[in-house]
Amino acid sequence: MNQSASDTAPRTESSPEIRYFSQDELPGILRLSEALRRFVDRIGRFGAWFAMPLVLITAYDLIIRKAFSRGQIWMVENISPIFGSTLLQELEWHSHTVLITLVLGFGYIWNTHVRVDLVRERVGFRHRAWLEFIGLTIFLIPYCCVVVYYAAIYAYDSWALNRPDGCAWWQCGEISASLVGLSHRWIIKTVLVFGLGVTIVAGVAVWLQVATVLFGPKNLSLIHISEPTRLGMSSYA
């Protein structure tokens, strides 16, 4: 649905009329960008749920160790080793890893990540678009590609460690350095690779839109830069 500038900001005689594109009006390259953004958005919303186990496990571990240490020993011996402090602490940082890596791209497509920028806030829209384009092309996408490459090697080495002949692919592999810690460390390291890959997808999605603004029709505006709380493209007369 189209939306005029009067819906979001006061109109003046000198202000151009702004019309937001509907999904059907977007060019193919921008439809691709929006599809990538929706994928990143879904992954980020899923990853955000890991804040709940992170908080619950941390609070439980703290309370049980400080106030009910004997009860914790009894639960480890009679119920399950998972109630041990070492396992709980490793689950904490595993949950933290999943949370952070899966929402990195989500934060970027919604423009809610932290920006320490003394220049960007002082320049106009097209200069912001150029800064975004240069940052994506030279820094974010290449850097994440390098990190994903080495993280993939890191995860594979973890999977291949301690793997005798005949061991199923989901078994064996790197385990915790603690005798009572978690096994299958290659899983969390694979999540790290996936999350950084999603960040690359987010960067590509924004790069397509910024490139369209800079090198496409001159009457396009990018919501990612001009209005961080909204999503999409607009044109002005």
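Residues numbered from 1 in each chain as written. Predicted model: local features only at pLDDT ≥ 70, side-chain atom pairs only at ≥ 80, totals over all residues. Heavy atoms only, no water.

Moving on, we get to the packing of aromatic side chains. Tallied over the entire structure, the rule returns 7 aromatic pairs. Ring geometry for Trp130 versus Phe133: centroids 5.9 Å apart, planes at 85°, classification edge-to-face. Of this pair, Trp130 and Phe133 are both found in helix α5 (residues 125-160), 3 residues apart, which corresponds to roughly one turn of the helix. Residue classification places Phe133 among the buried residues on the basis of a relative accessible area of 13%. Relative to Phe215, the ring of Trp130 lies with its centre 5.6 Å away and its plane at 85°, an arrangement referred to as edge-to-face. Here the residue Trp130 occupies a position in helix α5, and Phe215 occupies one in helix α6 (residues 185-215), the gap between them amounting to 85 residues. Take Trp130: its relative accessible area is 36%, and that puts it in the partly exposed class. Taking the relative accessible area as the measure of exposure, Phe215 reaches 52% and is therefore exposed. Grouped by ring-pair contacts, the aromatic residues Trp130, Phe133, Trp207 and Phe215 constitute a single cluster. Geometry around Trp159 places Arg163 over its ring, the cationic atom sitting 4.1 Å from the centre. For Lys189, the ring lying beneath its charged end belongs to Tyr154, and the centroid distance is 4.0 Å. (Phe/Tyr/Trp six-rings, centres within 6.5 Å; stacked < 30°, edge-to-face > 60°. Helix = DSSP H or I, 4+ residues; strand = E, 2+ residues; numbered from the N terminus. Buried < 20%, exposed > 50% of the residue type's maximum accessible area, 1.4 Å probe, protein only. Lys NZ or Arg CZ within 6 Å of the ring centre and 35° of its normal.)

Let us now look at helix α2 (residues 51-67). The end-to-end C-alpha distance of α2 is 24 Å, a good match for the 24 Å that 17 residues give at a rise of 1.5 Å each. Within α2, the full set of buried residues consists of Leu54, Ile57, Asp61 and Ile64. Within α2, the buried residues cover an arc of 125° as seen down the axis, which keeps them to one side. Opposite the buried face of α2, by more than 90 degrees, sit the exposed residues Val55, Leu56, Lys66 and Ala67. (Expected span 1.5 Å × (residues − 1). Arc of directions from axis to C-beta.)

Residue Asn111 is not a glycine yet carries a positive backbone phi of 60°. Structurally, the position occupied by Asn111 is in the loop between α4 (85-109) and α5. Unlike most non-glycine residues, Cys172 shows phi in positive territory, near 60°. Residue Cys172 is classed as partly exposed on the basis of its relative accessible area, which comes to 27%.

Now for a nonpolar patch on the surface. Where nonpolar side chains cluster on the molecular surface, the patch consists of Trp130, Ile134, Ile138, Phe139 and Phe215 and spans about 540 Å² of accessible area. Its location among the elements puts Ile134 in helix α5. Here Ile134 falls in the partly exposed class, since its relative accessible area comes to 39%. (Patch = residues over 30% accessible without salt bridge, like charges linked within 9 Å, V, L, I, M, F, W, Y side chains within 5 Å. Areas by Shrake-Rupley, 256 points an atom, 1.4 Å probe, with all protein chains shown as cover. Salt bridge = Lys/Arg side-chain N within 4 Å of Asp/Glu carboxyl O.)

This next bit is on the state of the cysteines. With the rule as written, the count across this model stands at 1 disulfide. Each sulfur of the disulfide joining Cys167 and Cys172 lies 1.8 Å from the other. On the S-S bond that ties Cys167 to Cys172, the torsion sits near 110°, and the link is right-handed. Here Cys167 falls in the buried class, since its relative accessible area comes to 18%. Unpaired in terms of disulfides, Cys144 finds its nearest cysteine sulfur in Cys145, a separation of 7.3 Å. Classification of Cys144 by relative accessible area gives buried; the value is 8%. (Disulfide = S-S within 2.5 Å.)

The contact between α5 and α6 brings their axes to 8 Å, and the two run at 160°. Here α5 is positioned roughly antiparallel relative to α6, judged by the angle of their axes. In this structure, α5 meets α6 at a crossing whose hand is left-handed. For the contact of α5 with α6, a count of residues per class yields 28 nonpolar, 6 polar and 4 charged. (Axes fitted to C-alpha atoms, helices over the stretch in contact; angles between N-to-C directions. Parallel < 35°, antiparallel > 145°, perpendicular 65-115°, else oblique. Left-handed = near helix turned anticlockwise from the far one by under 90°. Nonpolar A, V, L, I, M, F, W, Y, C, P; charged D, E, K, R; others polar.)

Now for helix α1 (residues 28-48). The terminal C-alpha atoms of α1 lie 30 Å apart, and with 21 residues this matches the ideal 30 Å at 1.5 Å per residue to within 8%. Three or more residues of α1 are buried, namely Leu30, Ser33, Glu34, Arg37, Val40, Asp41, Ile43, Gly44 and Gly47.

So, about the confidence of the model for the protein. Per-residue confidence for the protein gives a mean pLDDT of 79, with 73% of residues at or over 70. Scored below 50 in pLDDT, residues 1-16 makes 20 contacts in the model with residues more than four places away or belonging to other chains. The low-confidence segment residues 226-237 (pLDDT under 50) makes 53 contacts with residues lying over four places distant or belonging to another chain. (pLDDT = per-residue confidence, 0-100. Contact = heavy atoms within 4.5 Å.)

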